[in-house]
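A closer look at the structure
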Amino acid sequence: MGGRVKISRITPVPVWVGNRTQLLVRVETDSGLHGWGESGLTSRERAVASAVDHYAGWLVGRDPMNIGALWQEMYRSQYFEGGRVLTAAISAIDIALHDIKGKALGVPVWQLLGGKQRDHVDTFASIRSQDIGTIVEKAHELLDAGWRCIRLPRKEGTPDPSGRFQRYEPWESLAVTAEWMAKVREAVGSRVILGIDYHHRLSVAEAASFCQRMPPATLDWIEEPIRDETPEAYESLRRMTPIPFALGEEFASKWQFLPYIERDIAQYARIDICNVGGFTEAMKVAGWCEAHYVDLMPHNPLGPVCTAATVHLAAAVPNFAWAECRETPGEADMRQDSPIFINRPLLDGARYPVPTAPGLGIDIDQSKLADAAPPGLFEFPRLKRADGSHTNW
């Protein structure tokens, strides 16, 4: 079959779902089979769509079953290899090709990855509130609903009068947030796994101070406390705190993961299958992590296609902790819930069942795409310090 089936069309499909645009990618074949993927570079979908169109120009007519070689050709076919825009495009196409191959062989994608290691995929929940009483209340609600791993919120900034920016002072945020963390730990006890995402908003000194302000064993992991461009900065921070680091959601290749794995900087790999290069690259990173006793904690902030791909990845790797879930009770993003999605992954309590349908198991009702909200120009908030200087969102 592989020698006869050819790619006939590749189409980027941007669509507004919930509170932002999702860039879906449809790959069609001359046999009638099709597959879906999703790009992870949120707010830069137009750039990724152009890259998808570029790859489509020479992928049409090729064998969709030859996924590994096509990945190498997409990555190596320009002098300036890699980069987040290109690998986001490669990721979406790679996921769609695995969807096609699974359908062609009549097996779920996790069978293509070596079979399943587990029967369900545990998730962590996220709390969004700026009131400590509400945070504690929601933590208890999540425990009652079955979650055992919870990501807590940080103290956010305040909108400036123009509405274009938020005023954000790291020292003000970390002082309040450290108090919140200690209060939540005291309220829920020691058997709950607690973490926080600081969204790379801190410097090394600020992150160290934040970690040192809390009693020991308050947090079980801290996600992205500082930016990732300089691994040596994380090594410096490691010498000042024992809290495990959860890193990697921005990494766009195994090479970006390299220093964080080889130098034992990351204790959890926040791999994003829609950014890192799809299943082809993610499985390589997973094996590398396994050799260093690092569990995957996949980044999953997008739509149901991303969730489906994440669940298949999590099912197939031995070294897995929790997947991010954006359907936590109380969250209002609505990125998973749209009538365009057919057979999207559904939570069973605090976990996703491992799917059994061929391919990813999800499809898109194209007849409803025309009625869906048109893609908009989504931008993340802009943060400014009190002195007017820009800082990280």
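Residues numbered from 1 in each chain as written. Predicted model: local features only at pLDDT ≥ 70, side-chain atom pairs only at ≥ 80, totals over all residues. Heavy atoms only, no water.

This next bit is on the pattern of salt bridges. Applying the stated criterion across every chain yields a total of 25 salt bridges. Between Arg 44 and Glu 379 there is a salt bridge; the shortest N-O distance is 3.0 Å. Residue Arg 44 is located in the loop between strand S3 (34–38) and helix H1 (45–59), and its partner Glu 379 is located in the loop between strand S16 (363–364) and strand S17 (382–384); the two are separated by 335 residues in the primary sequence. Judged by its relative accessible area of 33%, Glu 379 is partly exposed. Across the salt bridge formed by Arg 382 and Glu 379, the nearest N and O atoms sit 3.2 Å from each other. Through salt bridges that share partners, Arg 151, Asp 197, Glu 223, Glu 249, Arg 270, Glu 324 and Arg 326 make up one connected network. (Salt bridge = Lys/Arg side-chain N within 4 Å of Asp/Glu carboxyl O. Helix = DSSP H or I, 4+ residues; strand = E, 2+ residues; numbered from the N terminus. Buried < 20%, exposed > 50% of the residue type's maximum accessible area, 1.4 Å probe, protein only.)

Using the criterion set out here, one finds twelve aromatic pairs in the structure. Measuring from centroid to centroid gives 5.1 Å for Phe 251 and Tyr 260, while their planes differ by 40°, and the two rings are tilted. Across the pair, Tyr 260 and Phe 251 agree in class, each one buried. With a centroid separation of 4.3 Å and 25° between ring planes, the pair formed by Phe 380 and Trp 393 is classed as stacked. With Phe 380 in the loop between S16 and S17 and Trp 393 in the segment after strand S18 (390–391), the pair connects residues that are 13 residues apart, well separated along the chain. Given a relative accessible area of 26%, Trp 393 falls into the partly exposed group. Through a chain of ring-to-ring contacts, three or more aromatic side chains come together here, namely Tyr 234, Phe 245, Phe 251, Phe 257 and Tyr 260. Residue placement shows Lys 254 over the ring face of Trp 255; its charged tip is 4.2 Å from the ring centre. Here the basic side chain of Lys 284 rests over the ring of Trp 71, its NZ or CZ set 5.7 Å away from the ring centre. (Phe/Tyr/Trp six-rings, centres within 6.5 Å; stacked < 30°, edge-to-face > 60°. Lys NZ or Arg CZ within 6 Å of the ring centre and 35° of its normal.)

Turning next to the sheet that holds strand S7 (residues 165–167). Across the sheet, four strands lie side by side as S6-S7-S17-S18; this open sheet has mixed pairing. Only two strands of the sheet have a single neighbouring strand rather than two, namely strand S6 (158–159) and S18. Inspection of the sheet shows S7 paired to S17 by three bridges, in the parallel sense. When the sheet's bridge partners are listed, Arg 167 is paired in S17 with Lys 384. (Pairing = 2+ DSSP bridges.)

So, on to the nonpolar core. Ranked by internal contacts, the top residues of the largest apolar core, which has 88 residues, are Ile 150, Phe 210, Phe 279 and Leu 360. Residues contacting Leu 360, with those up to four places away along its chain left out, are Trp 36, Ile 95, Asp 99, Val 109, Phe 279, Val 305, Ala 308, Ala 309, His 312 and Pro 355. In this structure, Ala 49, Ala 51, Ala 96 and Leu 97 belong to the second largest nonpolar core, which totals 26 residues. (Core = buried A, V, L, I, M, F, W, Y, C linked by side-chain atoms within 4.5 Å. Contact = heavy atoms within 4.5 Å.)

Pairing is antiparallel across the open sheet formed by three strands, whose spatial order is S1-S2-S3. With one partner strand each, in any of the chains shown, strand S1 (7–17) and S3 form the two edges of the open sheet. When strand polarity is set aside, the average angle formed by the axes of neighbouring strands in this sheet is 20°. Note that S1 and strand S2 (residues 20–29) share ten bridges and pair antiparallel. Within S2, the position partnered with Arg 9 by the bridge is Glu 28. Sheet strands in contact with helix H12 (residues 304–316) are S2 and S3, and its direction is about 95° off that of S3. (Axes fitted to C-alpha atoms, helices over the stretch in contact; angles between N-to-C directions.)

These figures capture arrangement, not role.
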